[in-house]
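# Working through the structure, step by step
Residues per chain, in single letters:
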Amino acid sequence: MEQDKLREWENKCIQEEPPECTAACPIHVDARLFAKEMGRGDFEAAYKVLARNMPFPGILGRICDHPCELRCKRGEVEAPIAIGLLERRCVESAAGKLRMQLLPRREQKIAVVGAGFAGLTTAWDLLKKGFQVTVFDRSERLGRSLWDIPESLLPREVIREELSVLETLKAEIRLGESLDGAGFEEICREFDAIFVDREVAGPDFALGVDGNGEIAVDAATGATGREGVYAGGGTGRCGAWSPVTEALHGRKGALSIERFIQKAQMGAGRENEGPFATRLFTNIAGIDPLPRVVPGDAGAGYTDDEAREEASRCIQCECMECVKVCLFLERYEGYPKKYARQVFNNERVIFGAAHTKNQFVNSCSGCGLCETVCPNDFHMGDLCHEARRTMNEQRLMPASFHEFALKDMAHSGGERFALCRHEPGKNESAWLYFPSCQLCATSPAEVLSSYRYLKERLSGGVGVMLGCCGAPAYWAGRDDLFRETIGSLRLEWERLGRPRVITACATCRSLFMEHLPEMESVSIWKVLEETGLPRSTCGSSGATVAVADPCITRHDRETRESVRRIAGMLGITIDELSLSGEKPECCGFGGLMYNANPKLAADVISHRVQASQTAVPAKPFSPPGGWYRTRRQEGTDTAYYRTEVKEHDYLAYCAMCRDNLAAAGKRASHLIELIFPAVEGGDPAGRGWISWSERRANRGRVRDVILRELGEKGAGNVAEHENITLSMTDDVRRRVDERRILEDDIKKVIHHAERNGKRLKNVQTGQYRAFHQQENVTFWVDYTPEANGFTVHNAYCHRMKIVGVMG
Amino acid sequence: MSGPEEAKEWSCAACGGALEIVKVGFTYMKGNFEVDLPACRGCGLVLVSEELATGKMADAERILEDK
Ligand code: SF4
Ligand code: SF4
Ligand code: SF4
Ligand SMILES: [Zn+2]
C-alpha cells in the first residue's frame with residue numbers, strides 16, 4: 001500500500017471525526033468525553049476536559065451560550081444533552097484550581113487593548129504560549145460585561161479568582177488608561193503586536209471600520225487593516241452577547257499574533273477554526289428516547305445527581321456501523337481507519353520484525369457487508385485483498401493460511417474431477433453447465449439429475465465443465481494461480497465453441513462476470529424459471545423456510561429474486577431474515593476465513609445458527625452509538641453482534657453456506673436438493689454435515705458418472721495407500737475433519753508406518769501411533785490393525801517440522 | 001510438553017525399546033527450536049503428543065506466522 005492510498009482509505013472511515021457537539025462548539029470542547037466523565041460522576045476528570053479548551057473555565061463553564069446543543073444528536077431523538085447546565089455544575093462542584101506556573105519565555109511584547117472576554121482570552125492564550133502580555137483597559141477592573149451577569153450565576157469572587165490567573169502568569173495589567181487615539185498610537189509603537197477587544201475600542205483608533213461602525217476584521221484571522229493589529233469581540237454590540245464567540249475571537253487573535261510574530265503562513269490549516277461541519281455519522285435508529293433532566297431548582301441548576309443522570313443520556317456519538325455487523329472487525333478491537341494504518345505498517349516492517357497483522361489480513365471473508373452499511377462505502381475486504389496480494393508478492397505469506405483451501409482447489413482442477421465435454425452424442429454445445437466444485441462435492445446426485453434435466457429441456461447441446469472457478473486462489477491473493485485457472489477454463493470454453501455458461505454457484509458466476517466478461521453466463525435458477533421445474537420435486541411444498549442468501553449475491557438482486565420465485569413455484573413460504581437481501585453475512589468460507597482463522601469462522605457460523613439460544617434482541621443491530629467503545633473501555637461484554645436466527649429450516653443456494661450451516665447444527669438444505677431430490681420424499685435439511693474427504697469422493701463420483709455416460713473410462717491411477725480401508729467413529733471423523741485432516745492423509749501415515757515399521761506402541765492398549773510428514777504438515781495417527789483394514793482412534797497434525805533427535 | 005509419564009506409556013515398536021527424554025529439533029518459518037521430548041534414541045522415533053501439537057505447538061506456529 002502506498003502512502004497516498006493509505007490516506008485515501010483513512011479518509012474514507014469517518015469514525016475518528018469529532019461528534020456534532022464538538023464541531024458546533026466554537027472552541028471545540030470535547031463535550032462527548034466531558035459528558036462521559038460527568039455520567040460516571042468523575043467531575044474532576046470532566047473539569048480537566050473543559051480546561052483543555054476553555055479559557056477561564058470557572059467563568060465560561062458557568063455562562064457559555066452553548067451553541068453545541070443545537071446540533072446534539074440526542075436532539076434528533078428527543079432533546080439535546082443539556083451541555084450548558086452540565087458545564088455549570090461541573091465547574092461549580094469541581095472548583096478546580098488551575099495550576100499554571102508558566103513564565104514568559106519569549107521576548108516579544110504583546111498588548112491586549114480591552115479586557116472584555118475576547119481580550120482576556122487572547123491574553124490567556126498568549127501567556128500560555130510564553131509571550132509577554134500587557135492588558136490595557138479604561139475601566140478600573142478586568143472583565144467588562146462579565147460584571148453584568150447575575151451574581152447567582154456568576155459570583156463576584158469567581159470572576160476575581162479566575163482572572164487573577166493573569167497575574168499569576170505575570171501579565172502586566174494597566175487599568176484606568178485613557179486609551180484615546182494618541183494612547184493607542186503609543187501602544188502600537190511600543191508593542192510587537194496588538195489585539196483590540198471591540199468591546200473597548202475607541203472611535204479614534206486609526207483602524208478601518210465596517211458598516212456597523214465596528215473595526216473591520218478578516219473573518220478568518222481577525223486581522224485589521226493595520227499590520228500587526230488584530231481585533232475581535234464585541235458581539236453584544238450588534239446582537240446577543242455570546243461569551244463562547246468572544247472566546248473564539250480572542251483565540252483567533254492569539255493564533256494570528258503568534259503566526260505574525262513567527263512570520264508563519266497566516267491562513268494555513270484554519271478551515272475548521274470555529275464551528276464546522278463534521279463528517280461523523282452516528283446511527284440513532286433504535287435509541288430509546290430519554291427525557292431531558294429538569295433541575296429541581298431552576299435558578300440553582302443541576303445537583304450532582306441530576307447532572308450525572310443528564311450526562312448519561314449522551315449517546316457517545318460514533319460510527320462503528322461496520323464493526324457492529326462484522327465479527328471479524330469486532331474481534332480485532334478497532335475499526336477500519338485504525339486497521340488501514342496497521343495494515344500499512346504491517347507491510348512496512350523490516351524483514352524479521354513482527355508483522356502482527358498477517359492473520360488479521362487473512363481473516364476477512366470479503367463479504368462486503370461493511371461496504372453496504374458504511375456511510376462512505378469502506379470495503380475492508382478490498383483492503384485485505386490488496387494486502388494479501390502484496391504479501392504474496394513480497395513472499396511473506398505464511399503457507400498455512402491458504403494451503404488447505406488451495407490444495408482442495410488443486411483437487412478440483414486435477415485428474416480426479418476436472419472435465420470438459422460436449423453432451424454425449426453431440427459435437428457442439430449451445431450451453432455449458434458449470435455446476436461448481438463445491439456443489440458437486442456436497443450434492444453429487446442432484447448435480448447429475450440437474451444436468452440430465454438441462455439436457456432434456458435445452459436444445460443445441462448442453463456440454464459440461466467440471467472444475468473450480470479459481471475463487472480460492474483469488475481470495476488468497478494468488479493472482480498467478482487465479483489467472484492460470486480462469487485462463488484454462490477460458491481455453492476449454494473456446495474449444496467447445498463459446499457456449500452460454502450455466503452456473504449453479506453465485507461465486508463462480510460473479511468471478512466469471514468480472515474476469516471473463518466475454519463469457520456469457522446465466523444462473524441455473526434463471527434457466528429453470530424459464531424451462532419450468534421437473535415434476536418430481538421434494539415434498540417441501542407447504543413448508544416455511546428462511547432464505548440464507550450467500551454474501552456474494554449482495555449486489556445480485558436478479559439471482560436473489562429468481563431463487564425466491566423458484567421457492568414459490570415449489571410451494572414454499574419464505575420468512576425473511578433481517579440480514580438477507582443486500583445484507584447477508586458470510587458463512588465463514590468466503591475469503592478463506594475458514595482456513596486462515598478457523599476459530600473465527602466457526603464463531604461466525606455458530607453465531608448465525610445459535611443466537612436463538614442466547615436471546616435475540618428485538619432490534620438486532622441497533623446498539624446505541626458509543627456503546628461499543630464504552631463497553632470495551634470498561635472491559636465488559638461487547639458481544640452486541642447478535643444475529644437474528646429463525647427457527648425455520650434455512651434454504652441456501654450456495655453449497656458452502658448449506659454445508660457450514662448444517663455443520664453448525666442448523667437444519668439447512670440447498671435449493672437444488674429441493675428441485676432434484678436424491679431421495680423421493682426425503683429430508684434434505686436433515687442431511688447434516690459432510691467431511692472434506694467425502695466432498696472429494698463425491699466430486700469423483702460426478703466425474704465418473706459423466707464419463708460413463710460418454711462411454712469413456714476415468715483416469716485409473718489409484719495409489720497404493722488408497723486401497724486401505726479405514727473405520728472411525730462419527731466423533732473421530734468429525735474431530736479429524738475439523739483439523740482439516742483428510743482420510744487420504746491418514747491412509748498415507750498408516751501405509752508408511754506399516755511398510756517400514758516406524759511406529760510407537762501403547763504399552764497398555766496396544767494401539768499404534770505413527771507420524772508422517774506430507775509436504776508442510778506432519779500428521780499423527782493412533783490406529784489398530786484389523787482383519788480387513790484399520791481402526792483409527794485419533795489423528796492430529798502440526799506444521800512445525802521435526803528435524804529429529806539432536807546430538 | 002510431552003513428559004516422562006507419556007514416555008512410559010509408549011514404546012518403540014521398531015526395536016521394542018523404551019522411550020527416553022531427549023532433545024528433539026524442530027523448524028518452522030525460518031526458526032529452529034529444541035524441545036525435550038520422549039523418543040527412541042536408537043531408531044530416532046519421536047513422540048509429539050496430541051496435547052502438545054494442538055496446544056503449545058499450534059500457538060507457537062501462530063506467533064511465528066505473524067512474524
Ligand atoms: S449525544 Fe453526546 S456526543 Fe452526541 S452530540 Fe450530543 S453531547 Fe455530543
Ligand atoms: S468479513 Fe465482510 S463485513 Fe467483515 S470486514 Fe470483511 S468484508 Fe467487511
Ligand atoms: S462504517 Fe466502519 S468504515 Fe465506515 S465510517 Fe463507520 S467505522 Fe468507518
Ligand atoms: Zn526404537
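Rules used throughout
Residues numbered from 1 in each chain as written. Chains lettered and ligands numbered in written order. Predicted model: local features only at pLDDT ≥ 70, side-chain atom pairs only at ≥ 80, totals over all residues. Heavy atoms only, no water. Pairing = 2+ DSSP bridges. Helix = DSSP H or I, 4+ residues; strand = E, 2+ residues; numbered from the N terminus. Axes fitted to C-alpha atoms, helices over the stretch in contact; angles between N-to-C directions. Donors = N, O, S within 2.8 Å, 3.2 Å for Na, K, Ca; no water. Tetrahedral: all angles 85-135°; square planar, octahedral: opposite > 155°, others 65-115°. Buried < 20%, exposed > 50% of the residue type's maximum accessible area, 1.4 Å probe, protein only. Domains from an automatic or database assignment. Parallel < 35°, antiparallel > 145°, perpendicular 65-115°, else oblique. Left-handed = near helix turned anticlockwise from the far one by under 90°. Contact = heavy atoms within 4.5 Å. Nonpolar A, V, L, I, M, F, W, Y, C, P; charged D, E, K, R; others polar. Core = buried A, V, L, I, M, F, W, Y, C linked by side-chain atoms within 4.5 Å.

## Notes on the sheet that holds strand β1 (residues 109-113) of chain A
Residues and elements named next belong to chain A. Read from one edge to the other, the open sheet built from five strands follows the order β3-β2-β1-β4-β5, with strand pairing classed as parallel. Strands with a single pairing partner mark the edges of an open sheet, and in this sheet they are β3 (172-174) and β5 (229-232). Here the average twist between neighbouring strands, direction ignored, is 20°.

## What about the coordination of the zinc ion (ligand 4)?
Residue and element names in this part refer to chain B. Summarising the metal site, the zinc ion (ligand 4) is bound by the protein donors Cys-12 (SG), Cys-15 (SG), Cys-40 (SG) and Cys-43 (SG), whose distances to it range over 2.2 to 2.3 Å. The coordination sphere of the zinc ion (ligand 4) comprises four donor atoms, whose angles at the metal cover 105 to 113°; the geometry is tetrahedral. Each donor residue of the zinc ion (ligand 4) belongs to the same chain, with the gaps between them written as C-x2-C-x24-C-x2-C. Residue Cys-12 is found in strand β1 (residues 10-12), and its partner Cys-40 is found in the loop between β3 (31-39) and α2 (50-54); the two are separated by 28 residues along the sequence. Residues Cys-12 and Cys-40 agree in their burial class; the two are buried.

## Some points on the domain arrangement of chain A
Each assigned domain of chain A is listed here: domain 1 (18-96 + 305-311), domain 2 (109-262), domain 3 (406-576 + 645-683 + 692-703) and domain 4 (720-798). One C-alpha centre belongs to domain 1 of chain A, the other to domain 3 of chain A, and the line joining them spans 58 Å.

## Structural notes on the packing of helix α3 (residues 31-40) of chain A against helix α4 (residues 43-53) of chain A
All names here are of chain A. Interhelical geometry of α3 versus α4 gives an angle of 165° and a closest axis separation of 7 Å. In terms of their interaxial angle, α3 and α4 are classed as roughly antiparallel. For the element pair α3 and α4, the recorded crossing hand is left-handed. Contacts from Leu-33, Phe-34, Glu-37 and Met-38 of α3 reach α4 at Phe-43, Ala-45, Ala-46, Val-49, Leu-50 and Arg-52. Of the residues assigned to the contact of α3 with α4, the class counts are eight nonpolar, no polar and two charged.

## Section: the pairing of strand β19 (residues 789-798) of chain A
Residue and element names in this part refer to chain A. The buried count for β19 comes to eight of 10 residues, which makes it a mostly enclosed element. In terms of strand pairing, strand β15 (residues 726-727) meets β19 through two bridges, oriented parallel. Bridged to Ser-727 within β19 is Thr-791. Pairing geometry for strand β18 (residues 777-786) and β19, over nine bridges, is antiparallel. Residue Trp-780 lies in a different strand from β19, and its bridge partner there is Tyr-796. The antiparallel hairpin formed by β18 and β19 contains two residues in its connecting segment.

## Focus on the nonpolar core
Of all hydrophobic cores here, the largest spans 131 residues; its most connected members are Phe328(A), Met380(A), Tyr433(A) and Trp525(A). Apart from residues no more than four positions distant in its own chain, Met380(A) is found in contact with Phe328(A), Leu329(A), Pro336(A), Tyr339(A), Phe360(A), Cys364(A) and Cys370(A).

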